[in-house]
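# Geometric and topological summary
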Amino acid sequence: MSLVALTSHHAQAMAALHKASFDSPWDEDTFKTFLNLPTYCSFGWVDEDLEIAGFLLFNVISPEIELCTICILPNFRRQGIARKLLQQTVKKFSDCEVCFLEVAENNTGAIALYSNIGFTNAGVRKNYYKRSDGRYENAVLMRLSLD
Ligand SMILES: CC(C)(COP(=O)(O)OP(=O)(O)OC[C@H]1O[C@@H](n2cnc3c(N)ncnc32)[C@H](O)[C@@H]1OP(=O)(O)O)[C@@H](O)C(=O)NCCC(=O)NCCS
């Protein structure tokens, strides 16, 4: 499996993968819009058939990177793919100093992943997410120093 840069041509596959991972997924047009903007970039982890097992999307405004989303297909999880994706891609932005992300307070798997890589808690955003059933959920803001 290998790391590849994704473009708007991959938007359909990205939307399908997002749908398999989130309650309120982003659609193909949303990914196309992001990937046609100059500060957004995406990397995927692909298998030998070029199927995308997982991807992430960054907004890079030096000296800060924001991780906008990351997801791995369910049958590829717990194989270290998200960790490799994150660790290998943040290194590409040598002029950046810090990576930020927001994660739902109850997403314990993702919080474990980020903590495992070295992200630390940088605050809480109250009622940041509105769920399809009307509930609100806090986001945890996390940061990773890239120095
Ligand atoms: C969160 C997610 C991206 C993790 O991807 P992954 O490829 O399975 O993660 P990795 O295999 O690289 O995990 C690395 C480490 O993170 C932690 N971790 C990852 N998923 C975990 C889980 N579900 N529960 C507990 N710890 C977890 C573990 O410490 C793991 O190391 P270990 O397997 O040696 O114990 C994946 O579960 C996913 O796509 N979830 C749905 C989308 C999502 O929630 N994205 C994050 C939004 S902020």
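Rules of the game
- Residues numbered from 1 in each chain as written.
- Predicted model: local features only at pLDDT ≥ 70, side-chain atom pairs only at ≥ 80, totals over all residues.
- Heavy atoms only, no water.
- Near = heavy atom within 4 Å.
- Areas by Shrake-Rupley, 256 points an atom, 1.4 Å probe, with all protein chains shown as cover.
- 1 Å grid on protein atoms, 1.4 Å probe; cavity = no way out; pocket = protein on both sides within 12 Å on 5 of 7 lines; lining within 4 Å.
- Sits in = over half its atoms within 2 Å of the grid points.
- Helix = DSSP H or I, 4+ residues; strand = E, 2+ residues; numbered from the N terminus.
- Nonpolar A, V, L, I, M, F, W, Y, C, P; charged D, E, K, R; others polar.
- Patch = residues over 30% accessible without salt bridge, like charges linked within 9 Å, V, L, I, M, F, W, Y side chains within 5 Å.
- Salt bridge = Lys/Arg side-chain N within 4 Å of Asp/Glu carboxyl O.
- Lys, Arg positive; Asp, Glu negative; His and termini not counted.
- Charge placed at Lys NZ, Arg CZ, Asp CG, Glu CD.
- Buried < 20%, exposed > 50% of the residue type's maximum accessible area, 1.4 Å probe, protein only.
- Core = buried A, V, L, I, M, F, W, Y, C linked by side-chain atoms within 4.5 Å.
- Contact = heavy atoms within 4.5 Å.
- Points joined across faces, edges and corners; volume = space filled by probe spheres on them.

Below, the discussion takes up the site of the ligand. As a structural note, the neighbourhood of the ligand is formed by 21 residues, with Ile70, Ile72, Arg78, Gly80 and Asn107 the closest of them. Protein burial of the ligand: of its 900 Å² of free accessible surface, 76% is covered by the chains. For the ligand, the cavity whose grid points lie within 2 Å of the majority of its atoms is the largest pocket. Elements represented by at least two residues in the shell around the ligand include exactly strand 4 (64-72), helix 3 (81-90), strand 5 (98-104) and helix 4 (108-117). Here the shell around the ligand gets 6 residues from one element, more than from any other, and that element is helix 4. In terms of residue class, the shell around the ligand is built from 11 nonpolar, 6 polar and 4 charged.

A separate point is a negative patch on the surface. A contiguous patch of negative charge on the surface is contributed by Glu64, Glu66, Asp95, Glu97 and Asp147. Its place among the elements puts Asp95 in the loop between helix 3 and strand 5. Overall, the relative accessible area of 51% leaves Asp95 in the exposed class.

With that settled, consider unusual backbone geometry. A cis geometry characterises the amide bond from Ser62 onward to Pro63, with omega recorded as 15°. With respect to the helices and strands, Pro63 occurs in the loop between strand 3 (52-61) and strand 4. A positive phi angle is found at Asn127, which is not glycine, with a value near 50°. Along the chain, Asn127 turns up in strand 6 (residues 120-130). A relative accessible area of 46% places Asn127 in the partly exposed class.

The biggest cluster of nonpolar side chains holds 44 residues, and the ones touching the most others in it are Phe58, Leu67, Leu86 and Tyr114. Residue contacts for Leu67: discarding those within four places in its chain leaves Leu56, Leu57, Phe58, Leu86, Cys99, Phe100, Leu101 and Tyr114.

The calculated volume of the largest pocket comes to roughly 1300 Å³. Taken together, 39 residues line the largest pocket, and the ones lying closest to its centre are Phe22, Ile70, Asn107, Ala110 and Tyr114. Among the elements that make up the lining of the largest pocket, the one with the highest residue count is strand 4 (7 residues). Looking at the lining of the largest pocket residue by residue, the class counts come to 19 nonpolar, 10 polar and 10 charged.

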